[in-house]
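Each chain, letter by letter, is given below.
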Amino acid sequence: MPEVDAERRAALNAAKLRALVARQFGDVDPEESGAFARGAAMSDGRRAWVLADERPERSLGPAMAWASQRGAAQLHLLLDDADVAGHVARRAGLFLSPASVWSVNGRELIVARPVAPAPPARPSGAALALAALIAGAGADVSVEHGVVTGEVLGLEIARAVDDPDTGGARLEVGVGRHDREAFAMVHGHVPAPEALASVIASVRKHRHAGADPHPLNQLVMERWLLVNLLAGGLPAPLEGARLQRTPPTVQRESVKDVLPAIATGTDRD
C-alpha cells in the first residue's frame, strides 16, 4: 500500500504542476517530466519547473541540479509554503543565475519576495563566561546559534546551559544530550575541569586517523574534516586563504545531525 500511495501522490503532484504551469505560462509541451523528491518536475528545453513537496526548505539545490542536468537556462521553483518560499527566494537571489521562486496560492502563482534572515541569537553572558573553562581543559570553544559548546575535532563534548532559576549557567559534560544526562547522574560530583579532561581523553582515543570504527569517530565527520582543513590541510586552490569556522545556517538538534560544515574568509586575491 505505501507504494500505491507514493505513486498516487506522484501523479497528483505531476498533475498539479502541469495545471499551475499552464495557467501561469500558457500551454507547455514538456520534453521531460518526472518525480522530484515527492514533488514533480518538467522542462521544455531552456526552461524548467519544479514543484517541491518534501522538505521544500531544502529544495533549491536539488532543483538547480535537476534543471542544469537538462540544460535549462531558466528555473522556476514552486513552493506551497509562502514563508518557506520567501527564505528560498532570498537564497536563490545570491546566485549569478538566480532561480525564480513562486508561492502557490490555490490555483495561482505569486512571486515570492525574499525574506530577511532572523538576527543571530546571542548567548548569555553567563554562558560565555564558561568559555575559559572549556578552553582551559583543551577543548575548542564553539558559539553557534546562541549556544556555547566545547568540541574536540568537531565533536561536541560539553555545553553551557542557562539556568532560568538562578540566572547563571552550568557546564554539562558529555557527547550529546543523553550522554550529558547520563554523565551527570554517574559523575555529577566530579569537578568540571576533571570531567572535561576525562571526556576529552576518551574522544581523542578514538577520534584520530587510522582508528578502528567507533561511535566517537563516526559522528559529525564533516565538522572533523573542516577542523583538519583549517589546521593546514587546505587543497591547492585555497592555499594562502585565511578562513575561520562559521555557524551552519541550520541549528543542529543532535550530534547525529549531518549538516554542512562552513568556513568563510578571504583568499589570496
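Remember, predicted model here, so these are calculated numbers, not experimental data.

Undergrad: Just checking my understanding: could you explain the sheet that holds strand β4 (residues 74-79) for this structure?
TA: Within a sheet, each strand pairs with its neighbour through backbone hydrogen bonds, oriented either parallel or antiparallel. Spatially, the six strands line up as an open sheet ordered β1-β2-β3-β4-β5-β6, and their pairing is mixed. The open sheet has two free edges, formed respectively by β1 (32-36) and β6 (108-111), since each of these has just one partner strand. Neighbouring strand axes in the sheet, compared pairwise and without regard to direction, differ in orientation by 25° on average. Bridge count between β4 and strand β5 (residues 100-105): four bridges; the pairing is parallel. Its bridge partner being in β5, His 76 is matched across the sheet by Ser 100. Packed on one face of the sheet, helix α2 (residues 60-69) meets β1, β2 (39-43), β3 (47-52) and β4 and runs near 145° to β4. Against the sheet, helix α3 (residues 82-92) contacts β4 and β5, and its axis sits at roughly 175° relative to β5.

Undergrad: Can you help me understand the layout of surface pockets in this one?
TA: To find leftover empty space, one rolls a probe the size of a water molecule over the atoms. When its volume is computed, the largest pocket comes out at roughly 920 Å³. Taken together, 26 residues line the largest pocket, and the ones lying closest to its centre are Arg 90, Arg 91, Pro 248, Thr 249 and Val 250. Put simply, the parts of the chain that give the lining of the largest pocket at least two residues each are α2 and α3. At five residues, α3 tops the list of elements feeding residues into the lining of the largest pocket. When grouped by side-chain class, the residues that make up the lining of the largest pocket number 16 nonpolar, four polar and six charged. There is about 320 Å³ of room inside the second largest pocket. Taken together, 14 residues line the second largest pocket, and the ones lying closest to its centre are Gly 176, Arg 177, Glu 253, Ser 254 and Val 255.

Undergrad: What should I look at first to understand a nonpolar patch on the surface in this one?
TA: The grouping of Leu 128, Val 141 and Val 143 at the surface amounts to a nonpolar patch, some 220 Å² of accessible area in total. Relative to the helices and strands, Val 141 resides in strand β7 (residues 140-144). Residue classification places Val 141 among the partly exposed positions, given a relative accessible area of 38%.

Undergrad: I would appreciate a short explanation of the side chain of Glu 156 in the present structure.
TA: Relative to the helices and strands, Glu 156 is located in strand β9 (residues 155-162). Judged by its relative accessible area of 2%, Glu 156 falls in the buried class. A distance of 3.0 Å separates polar atoms of two side chains, one belonging to Glu 156 and the other to Arg 159. Residues contacting Glu 156, with those up to four places away along its chain left out, are Thr 149, Gly 150, Glu 151, Gly 174, Val 175, Gly 176, Arg 180, Arg 252 and Val 255.

Undergrad: Just to check I follow, could you spell out empty space enclosed by the protein for this structure?
TA: What the rule picks out here adds up to two cavities of 30 Å³ or more. Of the voids in this model, the largest cavity is the one considered here, and its volume is about 100 Å³. Lining the largest cavity, in full, are Ser 142, Glu 144, His 145, Val 147, Thr 149, Glu 151, Glu 156, Arg 159, Arg 223, Gln 251 and Arg 252. The element that contributes the greatest number of residues to the lining of the largest cavity is strand β8 (residues 147-152), accounting for three residues.

Undergrad: I keep staring at unusual backbone geometry and nothing clicks. Help me out?
TA: Positive phi, close to 50°, is recorded for Leu 153, a residue that is not glycine. Structurally, Leu 153 can be placed in the loop between β8 and β9. Unusually for a residue other than glycine, Val 220 sits at a positive phi of about 35°. Residue placement: Val 220 occurs in the loop between α8 (215-218) and α9 (221-233).

Undergrad: Sorry, what's going on with the nonpolar core here?
TA: Val 152, Leu 155, Ile 157, Val 175, Val 199 and Val 203 are the most contacted members of the largest nonpolar core, which has 26 residues in total. Counting residues per element, the ones that place at least two in this core are β8, β9, β10 (169-173), α7 (192-206) and α9. What Ile 157 contacts, discounting residues up to four positions off in sequence, is Ala 139, Gly 150, Glu 151, Val 152, Glu 172, Val 173, Gly 174, Val 175, Leu 196, Val 199, Ile 200 and Val 203.

Undergrad: For this particular structure, what's the right way to read the packing of aromatic side chains?
TA: Each aromatic ring pair is summarised here by two numbers: the centre-to-centre distance and the angle between the ring planes. Per the stated rule, a full pass over the model turns up two aromatic pairs. Ring geometry for Phe 25 against Trp 49: centres 5.5 Å apart, planes inclined by 65°, an arrangement best described as edge-to-face. Separated by 24 residues along the polypeptide, Phe 25 in helix α1 (residues 2-25) and Trp 49 in strand β3 bring together distant segments of the chain. Aromatic side chains Phe 25 and Trp 102 sit 5.8 Å apart centroid to centroid with 80° between the ring planes, which places their arrangement in the edge-to-face category. Of this pair, Phe 25 sits in helix α1 while Trp 102 sits in strand β5, and the two are 77 residues apart along the sequence. Among the aromatic residues, those joined into a cluster by ring pairs are Phe 25, Trp 49 and Trp 102.

Undergrad: What is the right way to look at the pattern of salt bridges in this model?
TA: Here the idea is simple: oppositely charged side chains can pair when their charged atoms come close. Considering all chains together, one arrives at 15 salt bridges under this definition. Note that Arg 23 and Glu 108 form a salt bridge whose closest N and O atoms lie 2.9 Å from each other. Separated by 85 residues along the polypeptide, Arg 23 in helix α1 and Glu 108 in strand β6 bring together distant segments of the chain. Linking Glu 156 and Arg 159 is a salt bridge whose minimum nitrogen-to-oxygen distance equals 3.0 Å. Overall, the relative accessible area of 22% leaves Arg 159 in the partly exposed class.

Rules behind the numbers
Residues numbered from 1 in each chain as written. Predicted model: local features only at pLDDT ≥ 70, side-chain atom pairs only at ≥ 80, totals over all residues. Heavy atoms only, no water. Pairing = 2+ DSSP bridges. Helix = DSSP H or I, 4+ residues; strand = E, 2+ residues; numbered from the N terminus. Axes fitted to C-alpha atoms, helices over the stretch in contact; angles between N-to-C directions. Contact = heavy atoms within 4.5 Å. 1 Å grid on protein atoms, 1.4 Å probe; cavity = no way out; pocket = protein on both sides within 12 Å on 5 of 7 lines; lining within 4 Å. Points joined across faces, edges and corners; volume = space filled by probe spheres on them. Nonpolar A, V, L, I, M, F, W, Y, C, P; charged D, E, K, R; others polar. Patch = residues over 30% accessible without salt bridge, like charges linked within 9 Å, V, L, I, M, F, W, Y side chains within 5 Å. Areas by Shrake-Rupley, 256 points an atom, 1.4 Å probe, with all protein chains shown as cover. Salt bridge = Lys/Arg side-chain N within 4 Å of Asp/Glu carboxyl O. Buried < 20%, exposed > 50% of the residue type's maximum accessible area, 1.4 Å probe, protein only. Polar contact = N/O pair within 3.5 Å; in protein donor to acceptor, adjacent residues only side chain to side chain. Core = buried A, V, L, I, M, F, W, Y, C linked by side-chain atoms within 4.5 Å. Phe/Tyr/Trp six-rings, centres within 6.5 Å; stacked < 30°, edge-to-face > 60°.

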